[in-house]
Amino acid sequence: MSTTLTAPRPSGATTPSRPSLRGLARVVVRQHRWTLGIAGGLALAAVIGLIALVLRSSHVSGVFEASNCRIDGGAGRACDQTARDYADSLNTYRRILDYYTLSLMALPSVFGAWVAGPVIARELESGTFRMAWTQSVSPARWLAARLTVPVVLLVSGTAALAVCLNWARALTDLPYRPEWYSAHVFTTTGTVLAGHVLFALCVGALAGLLIRRVIPALTVSVLATGAVMGTFVYARGYLWPRSTVTGRSLDVEPDIWWVKTGHITGAGERLSQDVCAQVSSVQAYARCMTDHDVTSHYLDYHPASHFWPIQLVETGILLALAAVALALAFRALRRLHG
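Residues numbered from 1 in each chain as written. Predicted model: local features only at pLDDT ≥ 70, side-chain atom pairs only at ≥ 80, totals over all residues. Heavy atoms only, no water.

Moving on to the overall build of the protein. The secondary structure content of the protein amounts to 10 helices and four strands. Secondary structure elements of the protein, listed N to C terminal, follow the sequence α-α-α-α-α-α-α-α-β-β-β-α-β-α. Counting across all 338 residues of the protein, residues that qualify as buried make up 38%. Taking the contacts inside the protein whose residues are at least 6 apart along the sequence as the reference set, 79% of them involve residues at least 24 apart. Of the roughly 19200 Å² of accessible surface on the protein, 61% is carried by carbon and sulfur atoms. (Helix = DSSP H or I, 4+ residues; strand = E, 2+ residues; numbered from the N terminus. Buried < 20%, exposed > 50% of the residue type's maximum accessible area, 1.4 Å probe, protein only. Contact = heavy atoms within 4.5 Å. Areas by Shrake-Rupley, 256 points an atom, 1.4 Å probe, with all protein chains shown as cover.)

Quick look at the structure:
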């Protein structure tokens, strides 16, 4: 019987371990620590600014209430000036919140461009990805690590900013409350913004892998992400079945989203709202209505209760598109790796 002898392992020697996803993610963080640090600092500054806005609004409202003046003036010249100053403050707060909202809506495109260019395409354009692939790191794990960091940090950060923005919007005195269905409010409320961020990150990864050059890749990512967001702004009203009211006069509940309105003929045919819009007098308008046999009107709308169904449907579509883009990205990576 033969015996196989194994040389003793030197004291202190360890078995080399394969690089873990956690270790690869740490490398990504170190590579982009300045970008992530600047983004974190800007996010913190934005939160501090929102808190300051709420506190300032509360103070100004308290001072105005203590003055016993009315917002419409009418209680003397001094109150007229006080009311104007207060109204100017409210308009300033509204503009500041609008700037915050528009900036938040732009973040998916910015994040997608960052993933497409510096995170993916730069590695492929410069050839530094080969170093990782020769260190027992598979291409799939390399790409997974490069997407894990943006997904965790950017999605959670964007969600936190959206929560703070909606908190500030609810507590700040405004000349009028923004409608729940307006594009900038709907996009930055609920789950839709996270869906747009995930879609942008996956599209950015796909663009970086296919184009492999920084500037063209991030340009394509921005255009694709912006096009999808714009498409949803126009198509959002049709993602969920609409409620309809008909009649000679349309009595509807407040706080609804008017999607489509028009006329109904005696035969039940729907006509556009603009069918008689070019007439120049009341008599001509009545004659036009008669000529088209208009007997009543209709309104397709979404009540406030449709907010979450529309949010979830749009988010689901975005997640499906993100999954397709991610699958194509890994397929492009396999073709690149051979």
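Having seen it, we continue.
Grouped together as the largest cluster of nonpolar side chains are 52 residues, with contacts concentrated most on Leu97, Leu104, Val115, Ile120, Leu143 and Leu209. Counting residues per element, the ones that place at least two in this core are helix H1 (21–31), helix H2 (33–66), helix H3 (77–126), helix H5 (139–171), helix H7 (192–211), helix H8 (214–235) and helix H10 (307–337). For this core, the element with the most residues is H3, which contributes 14 residues. The residues touching Leu209, leaving out its near neighbours within four places in the chain, are Ile120, Leu124, Leu143, Ala329, Ala332 and Leu333. Among the nonpolar cores identified, the runner-up in size contains six residues, and Phe186, Val192, Trp257 and Phe307 belong to it. (Core = buried A, V, L, I, M, F, W, Y, C linked by side-chain atoms within 4.5 Å.)

As judged from the eight bridges shared by strand S2 (residues 257–265) and strand S4 (residues 294–302), these two strands associate in the antiparallel manner. In the sheet register, His263 faces S4, and the bridge partner there is His297. (Pairing = 2+ DSSP bridges.)

Bringing the pattern of salt bridges into the picture now. Applying the stated criterion across every chain, the model contains five salt bridges. Taking the shortest distance from any N to any O, the salt bridge between Glu314 and Arg236 comes out at 2.7 Å. A residue pair is termed long-range when its members are at least 10 positions apart, and Glu314 in helix H10 and Arg236 in the loop between H8 and strand S1 (243–247) qualify at 78 residues. Arg236 shares its class with Glu314; the two are buried. (Salt bridge = Lys/Arg side-chain N within 4 Å of Asp/Glu carboxyl O.)

Here we take up the packing of H2 against H5. Contact pair H2 / H5: the axes reach a minimum separation of 9 Å and the direction vectors enclose 10 degrees. In terms of orientation, H2 lies roughly parallel with respect to H5. Along the contact surface, H2 presents Leu36, Ala43, Ala46, Val47, Leu50, Ile51, Val54 and Ser57, while H5 presents Val149, Leu153, Leu161, Cys164, Leu165, Trp167, Ala168 and Leu171. (Axes fitted to C-alpha atoms, helices over the stretch in contact; angles between N-to-C directions. Parallel < 35°, antiparallel > 145°, perpendicular 65-115°, else oblique.)

Together, Arg212, Arg331, Arg334 and Arg335 make up a region of like positive charge exposed at the surface. Note that Arg331 resides in helix H10. (Patch = residues over 30% accessible without salt bridge, like charges linked within 9 Å, V, L, I, M, F, W, Y side chains within 5 Å. Lys, Arg positive; Asp, Glu negative; His and termini not counted. Charge placed at Lys NZ, Arg CZ, Asp CG, Glu CD.)

The next point concerns the environment of Ala322. Summarising the element assignment, Ala322 is placed in helix H10. The spatial distance from the C-alpha of Ala322 to the C-alpha of Val197 is 9.4 Å, given a sequence separation of 125 residues. When residues no more than four places from it in sequence are discounted, the contact partners of Ala322 are Leu198, Phe199 and Cys202.

The next subject is the sheet that holds S4. Within the open sheet, the four strands sit side by side as S1-S4-S2-S3. Their pairing is antiparallel. Edge positions in the sheet fall to S1 and strand S3 (270–272), since each has one partner strand and no second. Between one strand axis and the next, the sheet turns through 35 degrees on average, direction left out of account.

Taking 1.5 Å per residue as the helical rise, H8 with its 22 residues ought to reach 32 Å, and the 32 Å between its terminal C-alpha atoms agrees with that figure. Taken residue by residue, H8 has Val214, Ala217, Ser221, Thr225, Val228, Met229 and Phe232 as its buried positions. Buried residues along H8 cover an arc of 95 degrees about the axis, so they all sit on one side. When the buried face of H8 is taken as reference, the exposed residues oriented beyond 90 degrees from it are Ile215, Leu223 and Tyr234. (Expected span 1.5 Å × (residues − 1). Arc of directions from axis to C-beta.)

This part covers a nonpolar patch on the surface. A cluster of nonpolar side chains, contributed by Ile51, Leu55, Trp167 and Leu171, occupies part of the molecular surface with about 390 Å² of accessible area. Counting residues per element, the ones that place at least two in the nonpolar patch are H2 and H5. Within the secondary structure, Leu55 is located in helix H2. With relative accessibility at 57%, the residue Leu55 sits in the exposed group.

Helix-helix packing is described using two parameters, namely the angle between the two axes and the distance between the axes. In contact at an axis separation of 10 Å, H5 and H7 are set at 155 degrees when each is read in the N-to-C sense. Compared by their axis directions, H5 and H7 come out roughly antiparallel. Two packed elements cross with a definite hand, and for H5 against H7 that hand is right-handed. Of H7, the residues touching H5 (which contributes Leu143, Leu147, Pro150, Val151, Leu154, Val155, Thr158 and Ala162) are Leu193, Ala194, Val197, Leu198, Leu201, Ala205 and Leu209. A breakdown of the residues in the contact of H5 with H7 according to their chemical character gives 14 nonpolar, one polar and no charged. (Left-handed = near helix turned anticlockwise from the far one by under 90°. Nonpolar A, V, L, I, M, F, W, Y, C, P; charged D, E, K, R; others polar.)

Going through the model one piece at a time under the given rule, you end up with one disulfide. Note on cysteine connectivity: Cys276 is disulfide-linked to Cys288, with sulfurs 1.9 Å apart. As the torsion about the S-S bond is roughly -80 degrees, the Cys276-Cys288 disulfide counts as left-handed. Separated by 12 residues along the polypeptide, Cys276 in the loop between S3 and helix H9 (282–291) and Cys288 in helix H9 bring together distant segments of the chain. A single burial state applies to Cys276 and to Cys288, both of which are buried. (Disulfide = S-S within 2.5 Å.)

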